[in-house]
Amino acid sequence: MNLEAKMQDPICIKIGKDSNVILADEDCKEEHPLVPGAMFGGEHFGFIIISDNNGKQRECFYPTQCRIEAIGIEGGVLKIFEEGKKLSWRFNKTGKLEYSAFGDFTDEFRRKFDTIVENYDMFMGEPKLENPLRVQIALDPEQSMILQDELVKKDYPLCPGVMLGTIHYGFILMFDTEHGKKEVVYPTQNRIDAIGIEGHCYNDLKIFENGKYHPWVFTFDGKFKKQASYNQYSKRDKKFVEEVYDLNEPKDKDIFTLQKKK
């Protein structure tokens, strides 16, 4: 069983002063209000929260480990329920994360697991934003840049990109649109080691997480293609997980203490 968080037919949610709805998609042709909300069938993994703050639209992507069962607002709090989780994700009215359900499985769901080895990738922790890398996606791909911040001392062209020796968890793709500025936010489980476009500036953008075999992949203009992931057949990936979480410790240790969130 592979419980790495993923985006698969994600559900789009728009929140703000003027709109609190679940947006229409290929499965559902009309919007649904977040009060009282909606129950979901099908295989929806992950969700996108779209919010407007001071005229700037922000899209935050949240992969989930299990399929989404229900979404709604209760008592002014946006709640998103995953199958097999004890509690829901919770967000305030501006889209700020207040509680993540990552790794918060019910005992019944946990009993389905056989061994840590089979499920090693789930133990790598909650995706987070810590000094997120900011990337400007320009209309002219030759002008796309990795932007300077407190740790990155200058702007770098996205083609060919740069190797990083700094602590950046997560990244933000920034776009200029006809409706103004737009940001798309991607938390990551591990720090970002490298980012760039190899060869021609119209090739795919790749973002590499420490310890993951497969990078994030986007088109040169910022369209999502693939999420970074481990390779269960890679000895390097397994060794990385074992070192981070001491999975070679004596087996009398409670294995699920490795993934509890405070």
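For the structure itself, consult the block above.
Described in the following lines is the structure provided in the data block. (Residues numbered from 1 in each chain as written. Predicted model: local features only at pLDDT ≥ 70, side-chain atom pairs only at ≥ 80, totals over all residues. Heavy atoms only, no water.)

Strand order in the open sheet formed by five strands is β4-β7-β8-β9-β10, with antiparallel pairing between adjacent strands. Unpaired on one side and paired on the other, β4 (38-39) and β10 (97-99) mark the two borders of the sheet. Of the strand pairs in this sheet, strand β9 (residues 89-91) and β10 are connected by two bridges, and their pairing is antiparallel. Residue pairing across strands places phenylalanine 91 opposite leucine 97, the latter belonging to β10. (Pairing = 2+ DSSP bridges. Helix = DSSP H or I, 4+ residues; strand = E, 2+ residues; numbered from the N terminus.)

So, on to the pairing of strand β7 (residues 68-74). Note that β4 and β7 share two bridges and pair antiparallel. Note that in β7 the partner of alanine 38 across the bridge is isoleucine 71. Bridging between β7 and strand β8 (residues 77-82) involves six bridges; their strand directions are antiparallel. Its bridge partner being in β8, glycine 72 is matched across the sheet by lysine 79. A loop of two residues connects β7 with β8, the two strands running antiparallel in sequence, and glycine 75 in this loop sits at a positive phi of about 60°.

One pass over the structure, following the stated rule, counts 17 aromatic pairs. An aromatic cluster is defined as three or more aromatic residues linked by ring pairs; in this entry it consists of Phe61, Phe171, Tyr186, Trp216, Phe218 and Phe224. The ring of phenylalanine 45 has lysine 6 lying over it, and the distance from NZ or CZ to the ring centre is 4.3 Å. (Phe/Tyr/Trp six-rings, centres within 6.5 Å; stacked < 30°, edge-to-face > 60°. Lys NZ or Arg CZ within 6 Å of the ring centre and 35° of its normal.)

Attention now goes to unusual backbone geometry. Note that the residue after valine 35, namely proline 36, is joined by a cis bond; omega there is 10°. The linkage connecting cysteine 159 with the following residue, proline 160, adopts the cis geometry, with an omega of 15°. Turning to its location among the elements, proline 160 is positioned in the loop between β13 (156-157) and β14 (162-163). You will see that asparagine 131, though not glycine, has its phi angle at about 50°, which is positive. Mapping asparagine 131 onto the fold places it in the loop between α1 (107-110) and β11 (133-137).

A few words on the environment of lysine 93. As for its placement among the helices and strands, lysine 93 is situated in the loop between β9 and β10. Here the alpha-carbon distance between lysine 93 and leucine 78, two residues 15 residues apart in the chain, equals 7.1 Å. Among residues more than four places away in sequence, those in contact with lysine 93 are Ile15, Gly16 and Gly76. (Contact = heavy atoms within 4.5 Å.)

Evaluation of the coordinates by the stated rule reveals 13 salt bridges. The partner of glutamate 69 in a salt bridge is arginine 67, and the shortest N-O contact between them spans 3.8 Å. Classification of glutamate 69 as partly exposed rests on a relative accessible area of 28%. The exposure class assigned to arginine 67 is buried, which follows from its relative accessible area of 18%. Each of the salt bridges in this network shares a partner with another, and the network as a whole consists of Lys56, Arg58 and Glu183. (Salt bridge = Lys/Arg side-chain N within 4 Å of Asp/Glu carboxyl O. Buried < 20%, exposed > 50% of the residue type's maximum accessible area, 1.4 Å probe, protein only.)

All right, on to the environment of aspartate 107 then. Positionally, aspartate 107 belongs in helix α1. Taking the relative accessible area as the measure of exposure, aspartate 107 reaches 45% and is therefore partly exposed. Residues aspartate 107 and lysine 86 lie 21 residues apart in sequence; the distance between their C-alpha atoms is 8.7 Å.

Here we take up the nonpolar core. Ranked by size, the top nonpolar core spans 25 residues in total, and within it Phe171 and Ile195 carry the most contacts. At the level of secondary structure, the elements contributing two or more residues to this core comprise β5 (47-53), β11, β15 (171-177), β16 (180-186), β17 (192-197), β18 (205-209) and β19 (216-218). Judged by nonpolar contacts, the second largest core, of 22 residues, contains Ile22, Ile49, Ile68 and Ile172. (Core = buried A, V, L, I, M, F, W, Y, C linked by side-chain atoms within 4.5 Å.)

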